[in-house]
Every structure is written in structure tokens, then in C-alpha cells.
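# Architecture and fold: a report
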Amino acid sequence: MNLILCLFCCVGASLVVITVDAGYDTTYVQSECSSNKTITLGQNGWSLYGFVDATSRDCYEHNKDCSVTLSAKSGHHVTMRFQWMSIECPSDYLNITGDTKSSIYCGGSAPPFSIYSSSNWVSLRFVTDSDYCAAGFRLYYTSYHYGECSENEFRCVHEGRCIPKELKCDSHDNCGDWSDEVTASCGLTTAAVVSISVSCALVGIVLIACSFYCICSKKHSSGSSVAQRRRTSSPARNATEPLGFVEPIGPPKYIDTPPPAYTTAAASNGIYAGLYEDPDQIHPPPYQSTFTTAPYSSSSSNNNSQSLTCGDNGNSPRPSDNEDNSRAGRGNSSNANRAS
């Protein structure tokens, strides 16, 4: 928003017309009340053009009746135009009188036209009372003539008036028809060059200032974002650590969970099983044999005495099938535990 306002100001500044008042004499009417002064244009050190102001102060004086007369060379005339006017009506007024006509001016708006004299002189009378104070007025005047213009003069478009050449392109309507201020007559005037140069300088300064502002704002925003990320993602700093230390963030640590406690359970068939059990420490129940004792006898055929033990002859009883199956099961369970 600030940038847009600055650019509008610069564009507005480039459109301002710079007035050139160099060489203009200034006469203050209320300073000449005692003498009713007559200014001879182009004579006695007076210029052919100048300003007439009500007063040199911010507010004109009360109860004054002052007059100034502008007198040009013979054969010349006087033209005038208001720059601004602030006179209380009707008690305060400005009376402009020529050879054939007299007019009264007052109010807060300057007349939008030029005033011409029919002869070589014009008189200005400014009258004030005691009950109000205002700024007054300001007008500029120019001596001109008709006929052939010299090389030091400029010919106005309207009726071919001749005015001093230095008044061309000074932002004042000395001709009365603005023909001395149009582009066709002035081209790129000194005032325009100065205005454009000042405007370009202002635009350049504003652009440089805006560039620095944008760069600084971007750096500040970036720094704030980084600091915010560090505050939210980094662990709390230890009081013993130096400033600026940032603990590196690594992968999560491996947590070794121990296995459940070892338990054993006895099977219904007397076989023990358990998690991570040592096969060497597991033994089946002790083997129980069934022995049959027979009385001592001698064989008639061999005459040798022998002890009868289980399995020595076919007459000894065999283990039952259930007992064989139980033994086979214990052997298989032991082998399975050893393999695991």
C-alpha cells in the first residue's frame, strides 16, 4: 500500500508545472499608500513585466486606501492576469481602472481571464475596512505592442501582440491566449526538463527504498521461520551447553525386549517340554524292567547249570504292547528334544 501511494505522489509531482519568476519585479500596493506610486514599465530601472501584490504580509492591513499606476511606453499597452485572489466582499475590494473602463474585483476566486488596457496605462486601487483580514491578491502584468516584432520579442497568436522574448515558456500567460506557453512554441521547456528530472529522481529513490524494504522484510521473515522451526523441533538446550549448540537428531534407539520367563510343563505321558530348555538336562523317567525268577534246575541233555534271565528263552514273559509303546514314545521325544 505504501508503495502505491509513493508512486501516485511521484506521478503527481511529475505533472506539477514549475513557474519561473526570475526577472519579475514585485510591487506591494499597501506599501505605496503614502505616494500613490506610478511604475514606468521599461524605464527608470523597471522591467516590462512584473507582479503586483496586495501586501507583503500574510494578511492585508485594515483601513487602507492605496493605489499604484502601471504606465507603459507610448504606443504600448498593458495586460494583466490574476494568479489568485482572497478579498472580503463588499467592504474590501480592488478597483482596476483604464482609459475607458473601471471594474471592481473581490471574493475568493481569481477571474479566469486576462485584462487589457486600451491605452498605455492602468491604475489599481485597493481599499480595506476594519472588520476582516484576508490574504489579498496577486496578479502579473506585461507591456506589449502591436506591429512588427523585433528579434528580442515573441509574436503572440492572438492579434499578433509582441511581448518580450524571455517571457516565452515561463508558465505565465503573458500573451493572454497562452500561445507563449503551448508545446508548439516551447517544445521541451526548461521547466519541463526540471520537472521530469525531479520526478525521475523521486521515482528512483522510492524504488531503491522499496527494494531495500522488500529484501529486509524477506530476510526477517526467513530468519523468523528458521528460528520458529528450531524452537519447535529441537530438544531443550542443556544449561551447561554453549549457546548455539544443536543436538543432532539420529534414528530411534533399538530397544531389546527380553524373552518371556522359562516355564516347563509335564505332558500327560510323563514327557517334559519347555521354551529354550537344554536337551542335555532333560532325561526320560528311569527305565523299569520286569524280571521273572525261575527255580534252579539242570538240563538233562547238556548237564550244565544255567541261570535263567529275562529273554534267555522263549518261556519268559514279553512286555505288553502298552509298555513297548510307552518306551518307544520316550525314545522319540528325547530325540526330538535333542534335534530342537
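The following refers to the structure shown. (Residues numbered from 1 in each chain as written. Predicted model: local features only at pLDDT ≥ 70, side-chain atom pairs only at ≥ 80, totals over all residues. Heavy atoms only, no water.)

This part covers the sheet that holds strand β2 (residues 38-40). Strand order in the open sheet formed by 5 strands is β2-β4-β9-β6-β7, with mixed pairing between adjacent strands. Only two strands of the sheet have a single neighbouring strand rather than two, namely β2 and β7 (102-105). With strand direction ignored, the average angle separating the axes of adjacent strands in the sheet is 15°. Here 3 bridges tie β2 to strand β4 (residues 65-71), and the two strands are oriented parallel to one another. (Pairing = 2+ DSSP bridges. Helix = DSSP H or I, 4+ residues; strand = E, 2+ residues; numbered from the N terminus. Axes fitted to C-alpha atoms, helices over the stretch in contact; angles between N-to-C directions.)

Under the counting rule described, the total for this entry stands at 5 salt bridges. Among the salt bridges present, the one from Asp-65 reaches Arg-125, with a minimum N-O distance of 2.6 Å. One end of the pair, Asp-65, is in strand β4; the other, Arg-125, is in strand β9 (residues 121-127), and 60 residues separate them in sequence. Looking at Asp-65, the relative accessible area reads 40%, which means it is partly exposed. For Arg-125, a relative accessible area of 32% puts it in the partly exposed group. The partner of Arg-81 in a salt bridge is Asp-173, and the shortest N-O contact between them spans 3.3 Å. Taken as a pair, Arg-81 in strand β5 (residues 77-86) and Asp-173 in the loop between β12 (162-164) and α2 (183-186) lie far apart in primary sequence, 92 residues in all. (Salt bridge = Lys/Arg side-chain N within 4 Å of Asp/Glu carboxyl O. Buried < 20%, exposed > 50% of the residue type's maximum accessible area, 1.4 Å probe, protein only.)

Looking now at the state of the cysteines. In this structure the tally under the stated criterion is 5 disulfides. The partner cysteine of Cys-149 in its disulfide is Cys-162, sulfur to sulfur 1.7 Å. Across the S-S bond linking Cys-149 and Cys-162, the dihedral sits near -90°, which makes this disulfide left-handed. Of this pair, Cys-149 sits in the loop between β10 (136-144) and β11 (153-155) while Cys-162 sits in strand β12, placing them 13 residues apart in sequence. For the pair Cys-149 and Cys-162, one class covers both residues: buried. With its sulfur 1.8 Å from that of its partner, Cys-156 forms a disulfide with Cys-175. Residues Cys-156 and Cys-175 are joined by a disulfide whose S-S torsion is about -80°; by sign, that bridge is left-handed. Here Cys-156, found in the loop between β11 and β12, pairs with Cys-175, found in the loop between β12 and α2; they are 19 residues apart in sequence, far enough to count as distant. With a relative accessible area of 0%, Cys-175 lands in the buried category. (Disulfide = S-S within 2.5 Å.)

Scanning the entire structure with this criterion turns up 9 aromatic pairs. Their ring planes at 85° and their centres at 5.2 Å tell us that Tyr-60 and Phe-126 sit as a pair that is edge-to-face. Here Tyr-60 is found in the loop between β3 (49-53) and β4, whereas its partner Phe-126 is found in strand β9, with 66 residues between them in sequence. For Tyr-60, a relative accessible area of 0% puts it in the buried group. Seen in terms of ring centroids, Phe-126 and Phe-137 are 5.5 Å apart; in terms of plane orientation they differ by 80°. Their pairing is edge-to-face. (Phe/Tyr/Trp six-rings, centres within 6.5 Å; stacked < 30°, edge-to-face > 60°.)

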